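What the coordinates show
Residues per chain, in single letters:
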Amino acid sequence: METLFACCIGFLTACGVFLMLRGRTFPVVVGLTMLSYAVNLFIFASGRLNLRGAVVLGTSDNYADPLPQALVLTAIVIGFAMTAFLVILAIRARADLGSDHVDGKLPGQKHAKREPRQ
Amino acid sequence: MSHLILLPILLPMLTALLIMLPPVHHSPDRRRWLSMASTLLLLVMSVWLLSQTLTDGVTFYALGNWQPPFGIILLADTVSVLMVCLTSFLALGAICYGSAGEDERGSFFHPLFQFQLMGINGAFLTGDLFNLFVFFEVLLIASYALLIHGGGKNKTKAAVHYVVLNLAGSAVFLFALAILYGTLGTLNIADMAQKISAVPAEDIMLVKAGGLLLLIVFALKAAILPLQFWLPATYASASPPVAALFAVMTKIGVYALLRVYTTIFGEHAGPLAGMASAWLWPLGLATIVLGAIGVLASLDFRKLVANLVLVSVGSLVCLVAIGNTAANSAVLFYTLHSTLVTAALFLVADMIALQRGKAADRLVSARRVAQPVLLGSVFMVAAVSVAGLPPLSGFVGKLMILQAVDSGPAQIGLWSVILVSSLLVLIGLSRAGSTLFWRVSGQPANEDKAKPLQVFAVCWLLSASVALVAFAGPITALTQQGAVQLADIPATLSIILPAAGATP
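The written sequence of each chain sets the order in which its residues are numbered from 1. Each chain takes a letter, starting from A, and each ligand takes a number, starting from 1, following the order in which they are written. Where totals are concerned, whole chains, interfaces and linings use all residues; where local detail is concerned, this predicted model gives features only for residues with pLDDT of at least 70, and gives and counts side-chain atom pairs only at 80 or more. Calculated side-chain values reflect all of the structure's heavy atoms, with hydrogen atoms and water omitted.

Comments concerning the overall build of chain A
Here is the rule: Put simply, DSSP marks the helices as runs of H or I at least four residues long and the strands as runs of E at least two long, and each gets a number from the N terminus on. Radius of gyration: C-alpha atoms only; globule rule: 2.2 Å multiplied by the number of residues to the exponent 0.38. Note on contacts: a residue pair qualifies if any of its non-hydrogen atoms lie within 4.5 Å across the two residues. Using a 1.4 Å probe, the Shrake-Rupley method yields the accessible areas, and only the shown protein chains count as cover for residues. Counted charges follow a simple rule, with Lys and Arg positive, Asp and Glu negative, and His plus the chain ends left uncounted. Charge positions are represented by NZ for Lys, CZ for Arg, CG for Asp and CD for Glu.
Check the secondary structure of chain A and you find 3 helices and 0 strands. Going residue by residue from the N terminus, the α and β elements of chain A occur as α-α-α. Against the globule reference of 13 Å for 118 residues, chain A gives a C-alpha radius of gyration of 20 Å, more extended than a compact globule. By its C-alpha atoms, chain A is 70 × 30 × 15 Å across when sized along the principal axes. Considering only residue pairs separated by 6 or more positions, chain A has 50% of its internal contacts joining residues 24 or more positions apart. In the form shown here, chain A has an accessible surface area of approximately 7,700 Å², with 68% of it arising from carbon and sulfur atoms. Where the 11 positive side-chain charges of chain A centre and where its 7 negative ones centre are 15 Å apart.

Here is the structure:
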């Protein structure tokens, strides 16, 4: 189980990093989402993989560590909010800058016109 | 147990909520006055907390009365409370400047500003590493929204980079926390300090990996060399009060470095002691050099100030790498000085830009400013202070930095880099100042005068530079005490974890 779990986290991280290095905002958002999935699984593993661990004291000899589960919940909520914000920001950047490239223009494309200063 | 420690976090949060309620929300004046009054109250409370901390020593607040190491604690020692005082002092200046009209250029300026204050204060006060992550996210999400306050292409572009980078940073932060929790079994900073010396040999490399991942995260927040590319564009495009408040954000990264690498990975950590210094020292020096070159190369004044932030971060990081008491004391003093003065410079840059018409803050010849005497003098004071010339606080700060290393190759390295970079900064600022004020075209000055509230905000921030010199004795005694307290880990542990004994 450990090997499968580790491979799963590694694969998700690799995909996340690859997508994050892409030039357009949509793959970057998806990449960050995958990276946050990998992180969540990884935090979960920090409490050790433990089958059939009890959560209530005095019911078993084998307990699950409750703290990583609380941490994962927090991380999921925060990651969700941040992703939602990033999606909205990416849409706004597409509208404001006229391109969905993360730099606001395709590489090699000249500045069409200098932006008026505020 | 005093509830006072919690107030610097609660007050901005409640104020933000109050501002969004109808009777306040619909009136710009009420929003402004409530926000300013609350920030003033925050300053009073942080100073009160500081005086309490000075009499009582290190105290902590167990949230929900769950005792450490199981519950989350807020820790009030001289260093953290001093940082909270710095934040509220800075925030009062920034909010006054914002209330002069900048806040009406977008919605929800005041609530977001207060939420960001809540995040910053929380990050300084927390004694738990996961809680630090949570407060980082609180301040970051507020800063994302504040960064695009007012709108415009530049802001959107800078915000995309800033948000993506910080989200990647958060992911790395969580990886680091999970590794450290998996190996040490705790996330309470004091408890981690206690357990680090008992790490089994096979886990040492894992803990080291976790610690160095944390270094990446804090380096990103503090903008240390390979991770600093986001800073100039972000700071230069943010609206002025926001940029002024952001001046403290890089210092949060430095504070986190200081906290984590002295408390957890300090001298008691055995094979893990001082693992960050080897990285921080060269990168800090390189950041200073890069910042100084950036100052010379900047084409507009706000970019120049953003590069000054880099120079100050580099100096602070070098001091963190040295890590002795004199260096930590210098870190605290220089943080106070550089945060307030660079924030003032961002505000001055905006006042100048508003009066120069289309040229704004670009370093080209343009119409003359309407109030040359006023703007010239505040620029002069800020520039003298930030360049480190006597008689203002930059001089004292630089002196403390130079005195922190007294022998060996480290001295040659730090002294030469700091002194040469000061010269470059001086050249850059003189060039900028003479272009902004003296290279004028024949056009008549426009009639836009700076608003009284803006002038007050700048003078408020610059008065700190004067005060830091006038009261240099008591303030250095304070920073010295903070540095001693920070290094005295057994004493702190015996307060936080009395039952477990104080044997780190």
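Things to note about the overall build of chain B
Convention followed: A 1.4 Å probe rolled over the protein chains alone gives each residue an accessible area, and that area as a share of the maximum for its type sets the label: buried under 20%, exposed over 50%, partly exposed in between.
A count of helical and extended segments in chain B gives 21 helices and 2 strands. Relative to its length of 504 residues, chain B is compact, with a C-alpha radius of gyration of 22 Å against a globular reference of 23 Å. Over its C-alpha atoms, taken along the principal directions, chain B stretches across nearly 75 × 60 × 40 Å. Across the 504 residues of chain B, 63% fall into the buried class. For chain B, contacts bridging at least 24 residues in sequence account for 78% of all contacts bridging at least 6. Only carbon and sulfur atoms are counted for the fraction: they give 71% of the accessible area of chain B, which is about 17,000 Å².

Thoughts on the side chain of H268(B)
Residue and element names in this part refer to chain B. Operational definition: Counting of polar contacts relies on pairs of N or O atoms within 3.5 Å, with two restrictions inside protein: one atom must be capable of donating a hydrogen and the other of accepting it, and residues adjacent in sequence are counted only when both atoms are side-chain atoms.
Considering the arrangement of structural elements, one finds H268 in the loop between helix 12 (249-264) and helix 13 (277-297). With a relative accessible area of 18%, H268 lands in the buried category. Within the local environment of H268, its side chain forms a polar contact with the backbone oxygen of A193, the two atoms lying 3.5 Å apart.

Quick word on the UniProt feature "domain: NADH:quinone oxidoreductase/Mrp antiporter transmembrane" (unreviewed entry) in chain B
This is how the line gets drawn: UniProt positions are given in the numbering used here, feature names are shortened, and annotations may be inferred rather than shown by experiment.
As recorded in UniProt, the feature "domain: NADH:quinone oxidoreductase/Mrp antiporter transmembrane" (unreviewed entry) lies at residues 127-407 of chain B. Structurally, residues 127-407 of chain B comprises 75% helix and 0% strand, and the distance from its first C-alpha atom to its last is 35 Å.

Describing the interface of chain B and chain A
Rule in force here: The term buried area refers to how much accessible surface (probe radius 1.4 Å) is lost by two components on association, counted for both of them together. Only one rule defines a salt bridge in this text: a Lys or Arg side-chain nitrogen within 4 Å of an Asp or Glu carboxyl oxygen.
Counting from both sides, the interface comprises 35 residues of chain B and, opposite them, 33 residues of chain A. For the pair chain B and chain A, the summed buried surface comes to about 3,200 Å²; carbon and sulfur atoms form 73% of the total. It is K153(B), F175(B) and Y181(B) in chain B that bury the most area against chain A; as a group they hold 19% of the surface buried on that side. Remark: the boundary between chain B and chain A carries 0 salt bridges.

Considering the packing of helix 6 (residues 129-147) of chain B against helix 7 (residues 153-184) of chain B
Think of two packed helices as two axes; the pair is described by the angle between the axes and how far apart they sit. Residue and element names in this part refer to chain B. Basically, it comes down to this: Angles run from 0 to 180 degrees between N-to-C directions of axes, and those axes are lines fitted to C-alpha atoms, restricted for helices to the stretch in contact. Angle categories are assigned with fixed cut-offs, so that under 35 degrees is roughly parallel, over 145 is roughly antiparallel, 65 to 115 is roughly perpendicular, and the rest are oblique. Basically, the charged four are Asp, Glu, Lys and Arg, the nonpolar ten are Ala, Val, Leu, Ile, Met, Phe, Trp, Tyr, Cys and Pro, and anything else, Gly included, counts as polar.
Between helix 6 and helix 7, the shortest axis-to-axis distance is 10 Å and the interhelical angle comes to 175°. One finds that helix 6 runs roughly antiparallel with respect to helix 7. Taken together, the residues of helix 7 that come into contact with helix 6 (itself represented by L129, F130, L132, F133, F136, E137, L140, S143, Y144 and L147) are K155, A158, A159, Y162, V163, N166, L167, S170, F173, L174, L177 and L180. Partitioning the contact of helix 6 with helix 7 into residue classes produces 17 nonpolar, 3 polar and 2 charged.

Some thoughts on a nonpolar patch on the surface
All names here are of chain B. Cut-off, in case you're wondering: Patches were defined on residues exceeding 30% relative accessible area and lacking a salt bridge, with like-charge contacts within 9 Å and nonpolar side-chain contacts (Val, Leu, Ile, Met, Phe, Trp, Tyr) within 5 Å.
A cluster of nonpolar residues, L10, L14, L17, M20 and F108, forms a patch on the protein surface that exposes about 410 Å² of accessible area. With respect to the helices and strands, L17 occurs in helix 1 (residues 7-19). Judged by relative accessible area, L17 falls into the partly exposed class, the value being 40%.

So, the UniProt feature "transmembrane region" (unreviewed entry) in chain A
Under the present numbering, the feature "transmembrane region" (unreviewed entry) in UniProt falls on residues 26-49 and 70-91 of chain A. Here residues 70-91 of chain A runs as 100% helix and 0% strand, with 32 Å between its end C-alpha atoms.

Focus: helix 14 (residues 301-322) of chain B
All names here are of chain B. Put simply, the rule is: To estimate how far a helix should extend, the number of its residues minus one is multiplied by 1.5 Å.
The terminal C-alpha atoms of helix 14 lie 32 Å apart, and with 22 residues this matches the ideal 32 Å at 1.5 Å per residue to within 8%. Counting buried positions along helix 14 gives 20 out of 22 residues, so the element sits mostly inside the fold. Positive phi appears at G323, one or two residues downstream of helix 14, with a value of about 75°.

Remarks on helix 3 (residues 28-56) of chain B
In an α-helix there are 3.6 residues to a turn, and that puts residues three or four apart on one side. For helix 3 of chain B, spanning 29 residues, the distance from its first C-alpha to its last is 41 Å, which sits close to the expected 42 Å at 1.5 Å a residue. In the segment just after helix 3 of chain B, G57(B) is the residue with positive phi, at about 75°.

Quick notes on the nonpolar core
All names here are of chain B. Applied cut-off: To define a nonpolar core, start from buried Ala, Val, Leu, Ile, Met, Phe, Trp, Tyr and Cys residues and group those joined through side-chain atoms within 4.5 Å.
Core analysis: the biggest nonpolar cluster contains 202 residues, and L129, F218, Y261, F265 and F301 have the highest contact counts within it. Top element by residues in this core is helix 15 (residues 325-355). It accounts for 18 residues. Core analysis: the second largest hydrophobic core is formed by 11 residues, A62, A190, A193 and I489 among them.

Topic: the pairing of strand 2 (residues 73-76) of chain B
When a strand is regular, its side chains alternate between the sheet's two faces. Residues and elements named next belong to chain B. The condition that has to hold: Only when DSSP finds a minimum of two bridges between them are two strands counted as paired.
The alternating pattern of strand 2 places I73 and L75 and L74 and A76 on opposite faces, both of which are buried. Bridge analysis of strand 1 (residues 59-62) against strand 2 gives 4 bridges, and the strand direction is antiparallel. Across the sheet, the residue bridging to F60 is L75, located in strand 2.

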